[in-house]
Amino acid sequence: MKVAVMCTGSGTNLQALLDAEDGGTLGARIVLVISNRSKAFALKRAKSSGREAMVLRARDFETENAYADELLSVLKDRGIELICLAGYLKRLPAKLVAEFRGRILNIHPGPLPRFGGQGMFGHHVHESVIASGVRESGPTVFFVDEEYDTGAIIAFTPVPVQPGDTPDTLARRVLAAEHLLYPRVVAAVVKGQVQLQDGKCVGRLND
Ligand code: GRF
């Protein structure tokens, strides 16, 4: 199965997926990395691992429809069957979501739905988790729908919030858990062990 990864920033989750592919545990080939930011370090990671890297920004198109058509044409041209968002900070055009329903994954650095939604990314999530007083955070992987962070949840890894945690210390532990979780989920989706059915996630990850 051919996979595209979409990133805005550093791309450590992209790296975890590339490493899993190289280690033979992903069961899929990452053939394309798309970013909406030309300076994203993720693009360098893609190029240095020999993958095609591309910048596509909605603002360079006259309409969202034209942007969606370009994305779709690029993805179809390369035979992409699964899209993994990995720190991609824009909402995808509804047309793309509809065409790839059940075949777009995202990872969020906190429990969903409570700590998700528009504007809830990066340190905002960890600040909000700490301010709420909950004892547990952790990454969530879900199927992408038309809204921010509302799609069917596939898997969550609990990460305890420690006394004295700052957004930075918590972020580091959650990110380490992300790097283990995301490749496992992608592998399970590739194998058909989990899938989206009638808006719900069915199946489960192997332990
Ligand atoms: C991760 O925390 C991920 O959960 C969120 O954005 C961050 C991306 O980090 N969606 P990186 O670019 O993979 O290092």
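Everything below is about the structure shown above.
Residues numbered from 1 in each chain as written. Predicted model: local features only at pLDDT ≥ 70, side-chain atom pairs only at ≥ 80, totals over all residues. Heavy atoms only, no water.

A. Local environment of the packing of helix α5 (residues 123–132) against helix α6 (residues 167–191). Between α5 and α6, the least distance of the axes is 9 Å, while the angle of their chain directions is 110°. Considered as vectors, α5 and α6 are oriented roughly perpendicular to each other. Handedness of the crossing formed by α5 with α6: right-handed. For the pair α5 and α6, contact is made by H126, E127, V129 and I130 and by P167, L170, A171 and V174, respectively. Considering only residue class, the contact of α5 with α6 consists of six nonpolar, one polar and one charged. (Axes fitted to C-alpha atoms, helices over the stretch in contact; angles between N-to-C directions. Helix = DSSP H or I, 4+ residues; strand = E, 2+ residues; numbered from the N terminus. Parallel < 35°, antiparallel > 145°, perpendicular 65-115°, else oblique. Left-handed = near helix turned anticlockwise from the far one by under 90°. Contact = heavy atoms within 4.5 Å. Nonpolar A, V, L, I, M, F, W, Y, C, P; charged D, E, K, R; others polar.)

B. The site of the ligand, seen in detail. Contacts to the ligand come from S10, G11, T12, N13, G87, I107, H108, P109, L175 and E178. Here N13 contributes a backbone N or O atom positioned 2.8 Å from an oxygen atom of the ligand. One of the backbone N or O atoms of P109 is found 3.4 Å from an oxygen atom in the ligand. Isolated, the ligand exposes 360 Å² of accessible area, and the fraction of that covered by the protein chains is 82%. Of the residues assigned to the shell around the ligand, the class counts are three nonpolar, six polar and one charged. (Near = heavy atom within 4 Å. Polar contact = N/O pair within 3.5 Å; in protein donor to acceptor, adjacent residues only side chain to side chain. Areas by Shrake-Rupley, 256 points an atom, 1.4 Å probe, with all protein chains shown as cover.)

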